[in-house]
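Here is how the chains run, residue by residue.
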Amino acid sequence: MTQRALDPSGEQPTGSSGPSGPPGAGRPKTIDAGSELDPVHPVDLPAPATAARGLTAAEVAERIARGEVNDVPVRSSRSVTEIVRANVFTRFNLIIGVLWVIMLCVAPIQDSLFGFVIIANTGIGIVQEWRAKKTLDSLAVIGEAKPTVRRDGVAAEVSVSEIVLGDVVELGPGDKVIVDGTVTEADSLEVDESLLTGEADPVLKRAGDAVMSGSFVVAGGGAFAATKVGREAYAAQLAEEASRFTLVQSELRSGISTILKYVTWMMIPTAIGLIISQLVVKDNNFKDSVARTVGGIVPMIPEGLVLLTSVAFAIGVVRLGRKQCLVQELPAIEGLARVDVVCLDKTGTLTEGGMDVTEVRALNGADDSYLHRVLGAFGASDPHPNASLQAIIDTYPVPEEQAWTVTQALPFSSARKYSGAAFDEGEGRTSSWLLGAPDVLLPEADPALAEIEQLNEQGLRVLLLARARDELDGSDAAAGAVPTALVVLEQRLRPDAGETLAYFAEQRVATKVISGDNAVSVGAVAAKLGLPGAEHTLDARKLPTDPDAMATAMEENTVFGRVTPQQKREMVAALQSRGHTVAMTGDGVNDVLALKDADIGVSMGSGSEATRAVAQIVLLNNSFATLPSVVAEGRRVIGNITRVATLFLTKTVYSVLLAILVVCFQVEYPFLPRHLTLLSTLTIGIPAFFLALAPNRERAHPHFVRRVMRYAVPSGVIAAVATFTTYLIAGHHYSGTDALDAETSAATLTLFLVSMWVLAIIARPYTWWRICLVAAMGLAFVIVLVVPWLQDFFALKLVGTTMPWTAVGIAVVASVALEYAWRLVGRRFPV
């Protein structure tokens, strides 16, 4: 077969963006084949017979052998190598690794335990992310688009990666153009290229026109021959840097990165001062000085914070994967938890895809039997029927021998709100018909609108069948149309939609229903499902164009009807301009622009390829009821990471401050690495792991870094001051060769008790397992203090009774100060 001559320069044809100047009102733009596509190398179409049958098996095999295959990998997750690299080769792992090697050389093994903890943490991170990768990969295969390709005269679905150069790919409404190509067949084919060009108006394609990967069909159908596949395709070039498994671009991760950056800069001078103090100023044993220096540096590093964030995200993916929810970008879990406005498309979200024709009301004396023939012929005229037309097809099938000849067809468009067809009825009779929204096809004063309004108030969907006076391809095919019948459709409500709407209302998440249907009808459906404010409906044709006025209208109303795809996009932007975090759900091509611009786009698994491609979350089970689970996962991740971040950063603050106090007072650093390893494990490591994975329904709040540091800084300061006070008092209380060990033990007791109180505060509100968790950590420390071999292993032995009880008393005072500080912060900076 002959193929389009490719431009030697390798540049992408630009003709698909259409001629300059505004398009005609309500009509798609058109492009003349060859006029702008490539003036030097005109388009050569495959012969009609070749395009009809597609490639042969031999031709496909030949192209695969030449490497002319669409081999762009679907990046649903990072590779195993990338996962290992990301978890092992980190800045803090490098620092701790160097310190670990030093400690292995100069100190007993118990002072090197922190190194083994890091190995375990890294291993846990790798395993959990690998589990998430497997979940994502399996779900991506389930949700992968399957384009229809003609081969050997048979149309069959194939994987995207199996398309070869020259394949003839069929297109229908909602289909995404997978690779670049040249149109071979066009039946009123309208393509939206807004995701590539930013131009919202659909482009009318004819045979010979170019189509670019990344665009999608909004109306009509056709086929195209693939001219660029793999990494040469336009969309593949745009997406080369992108990966679906994204661990960046979220407030949580960027906040942690900011914290770690400041910790690094704070740690460097403090560590240098500590090294000089312990090795030069104090005339100690060299190995002991090194051990205490490392003991001061290691706890400054919040090494487990990044690990727990990754683990929390990864486990969230696995949990949602079990519920058939594909999270295409991990921050979407976090983002949906921050959402305060959810915009829902009625069809496919509140209602199921199917509909039932309940009644056909004749207008202007039309004959019922003739109307049934018209409706049957209308249904048969569209090879890609939407849900409404499918209901008509199911109700009024036409025997093949009685079918009328279709002479012209106008596919349904969300912008027009109607479709059309012209027929040769035989015996010299012809007719042209329109089917669509009554309030679009009829003038405002038409008496039939009152009857339609009553039906809409019952939650029924009403279509108008009207006889057209002019040609269907005119600038306004609906002008002068004669009303002939009302087609009444009943929509099937999703049984779980009411509970989901109630959940969002309970969580103070505003719900906006945005639909292309009649506003009153949509409001009635929403009212049946118990949506608060469903009586506040607005016809989108009356929406103000001023963004600020539109935002006000969006906040004051709940249900919006007769919304165009471009308006959906503008409504999302208007809400965002008022500081709202907006989630948009949908399943049709008319939702794509809004899904793309919303903070979080949610698509149904049965939705069009285009919606699944731009959405961050795909509900593969097509259940709107899965959304609360996604919100709950996001809240669990954000709320729990905020909790454990406070634990980790409290440790960083008190470690840095202790080091500074040691340098200023010119004393030995109070702890060996084994002491702080024990404290970190019992007061941070083990509790943080459980707290990070616990259920948490608290609503997500912005300004992660500020909120964490408001609590971590005073907690760390109080812990450091209390510990150092105990250490100084113990220094005056004890004397002799074992005095330093006794002083360390007393300081360790104070620091443990204060850290435990921080843990007890963070564990609130208490549940039975949280109480058991805190109690178990306290019991573990008591066991270390009373079991002789553990005393020797961790170099912890309380000497006498005066100093230990003094340490306890100081810890009690510090705990009271902690309670006061936390309450003061809570009052001064309320959520």
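Calculation notes
- Residues numbered from 1 in each chain as written.
- Predicted model: local features only at pLDDT ≥ 70, side-chain atom pairs only at ≥ 80, totals over all residues.
- Heavy atoms only, no water.
- Helix = DSSP H or I, 4+ residues; strand = E, 2+ residues; numbered from the N terminus.
- Buried < 20%, exposed > 50% of the residue type's maximum accessible area, 1.4 Å probe, protein only.
- Polar contact = N/O pair within 3.5 Å; in protein donor to acceptor, adjacent residues only side chain to side chain.
- Contact = heavy atoms within 4.5 Å.
- Phe/Tyr/Trp six-rings, centres within 6.5 Å; stacked < 30°, edge-to-face > 60°.
- Core = buried A, V, L, I, M, F, W, Y, C linked by side-chain atoms within 4.5 Å.
- Axes fitted to C-alpha atoms, helices over the stretch in contact; angles between N-to-C directions.
- Parallel < 35°, antiparallel > 145°, perpendicular 65-115°, else oblique.
- Nonpolar A, V, L, I, M, F, W, Y, C, P; charged D, E, K, R; others polar.
- Pairing = 2+ DSSP bridges.
- pLDDT = per-residue confidence, 0-100.
- Patch = residues over 30% accessible without salt bridge, like charges linked within 9 Å, V, L, I, M, F, W, Y side chains within 5 Å.
- Areas by Shrake-Rupley, 256 points an atom, 1.4 Å probe, with all protein chains shown as cover.
- Salt bridge = Lys/Arg side-chain N within 4 Å of Asp/Glu carboxyl O.

Caption draft 1: The environment of Ala-387, seen in detail. Among the structural elements, Ala-387 can be located in helix H13 (residues 387–395). You can call Ala-387 partly exposed: its relative accessible area is 26%. Taking the C-alpha atoms as reference, Ala-387 lies 9.4 Å from Asp-356; in sequence the two are 31 residues apart.

Caption draft 2: Geometry of the side chain of Ser-715. Along the polypeptide, Ser-715 turns up in helix H24 (residues 704–733). A polar atom in the side chain of Ser-715 sits 2.7 Å from the backbone oxygen of Tyr-711. Residues contacting Ser-715, with those up to four places away along its chain left out, are Thr-650, Val-758, Leu-818 and Trp-822.

Caption draft 3: Local environment of unusual backbone geometry. Here the bond from Arg-764 into Pro-765 is cis, since omega is -5 degrees, no more than 30 degrees from zero. Along the polypeptide, Pro-765 turns up in the loop between helix H25 (739–762) and helix H26 (768–786). In the Ramachandran plot, Arg-508 falls in the positive-phi region, its phi being about 60 degrees despite a non-glycine side chain. Positionally, Arg-508 belongs in the loop between helix H16 (497–506) and strand E17 (510–514). Within the chain, Gln-666 stands out as a residue other than glycine whose phi angle is a positive 55 degrees. Among the structural elements, Gln-666 can be located in the loop between helix H22 (627–665) and helix H23 (673–692). Given a relative accessible area of 31%, Gln-666 falls into the partly exposed group.

Caption draft 4: Main features of the packing of aromatic side chains. Considering all chains together, one arrives at 12 aromatic pairs under this definition. With a centroid separation of 3.8 Å and 10 degrees between ring planes, the pair formed by Phe-752 and Phe-781 is classed as stacked. Residue Phe-752 is located in helix H25, and its partner Phe-781 is located in helix H26; the two are separated by 29 residues in the primary sequence. An angle of 80 degrees between the planes, with centres 5.1 Å apart, marks the rings of Phe-793 and Phe-794 as edge-to-face. Each member of the aromatic cluster is reached from another via a ring pair, and the members are Tyr-370, Trp-404, Phe-423 and Trp-433.

Caption draft 5: Representation of the nonpolar core in the model. Leu-336, Ile-617, Phe-624 and Phe-781 are the most contacted members of the largest nonpolar core, which totals 125 residues. Among the elements that line this core, the one with the most residues is H22, at 16 residues. Contact partners of Phe-624, with chain neighbours within four places excluded, come to Leu-344, Thr-349, Leu-350, Arg-494, Ala-497, Thr-500, Leu-501, Phe-504, Met-604 and Leu-619. Judged by nonpolar contacts, the second largest core, of 27 residues, contains Val-218, Phe-560, Val-563 and Val-582.

Caption draft 6: Up close: the packing of helix H11 (residues 331–338) against H22. Two elements in contact, H11 and H22, have axes separated by 7 Å at closest approach and are oriented at 100 degrees. In terms of orientation, H11 and H22 fall into the roughly perpendicular class. Of the residues in H22, those in contact with Ile-333, Glu-334, Leu-336, Ala-337 and Arg-338 of H11 are Leu-627, Val-630, Val-631, Glu-633, Gly-634, Arg-635, Val-637 and Ile-638. Of the residues contributing to the contact of H11 with H22, the split by class is eight nonpolar, one polar and four charged.

Caption draft 7: Spatial organisation of the sheet that holds strand E20 (residues 582–586). Strands sit in the order E9-E22-E21-E20-E10-E17-E19-E18 across an open sheet of eight strands; the sheet is mixed. Across the chains shown, the open sheet's two edge strands, defined by having one partner strand only, are strand E9 (325–327) and strand E18 (537–539). Shown here is a sheet whose adjacent strand axes are inclined to one another by a mean of 20 degrees, direction ignored. Two strands pair when backbone bridges link them, and E17 and strand E19 (residues 559–561) are joined in this way by two bridges, in the parallel orientation. Note that in E19 the partner of Val-513 across the bridge is Val-559. In the packing of helix H18 (residues 547–556) onto the sheet, the strands contacted are E17, E18 and E19, and the crossing angle to E17 comes to about 110 degrees. Docked against the sheet, helix H19 (residues 565–577) engages strand E10 (341–344), E17, E19 and E20, running at close to 160 degrees with respect to E20.

Caption draft 8: Looking closely at the confidence of the model for the protein chain. Summarising the model, the protein chain shows a mean pLDDT of 80, and 87% of its residues fall at 70 or more. The secondary-structure element of the protein chain with the lowest mean pLDDT is strand E1 (residues 29–30), recorded at 40, while H26 shows the highest, at 94. In the predicted structure, residues 1–44 sits below a pLDDT of 50 and forms 93 contacts with residues beyond four places in sequence or in another chain. For the stretch residues 239–248, pLDDT sits under 50, and the model shows 28 contacts to residues farther than four places along the chain or on other chains.

Caption draft 9: Highlighting the environment of Gly-304. One can find Gly-304 in helix H10 (residues 303–322). Sequence separation between Gly-304 and Ala-688 is 384 residues, and the spatial gap between their C-alpha atoms is 9.0 Å.

Caption draft 10: Seen up close, a nonpolar patch on the surface. Nonpolar side chains collect at one region of the surface, where Val-80, Val-84, Val-88, Phe-89 and Trp-130 lie side by side and expose about 450 Å² of accessible area between them. Counting residues per element, the nonpolar patch draws most heavily on helix H3 (residues 80–88), which supplies three residues.

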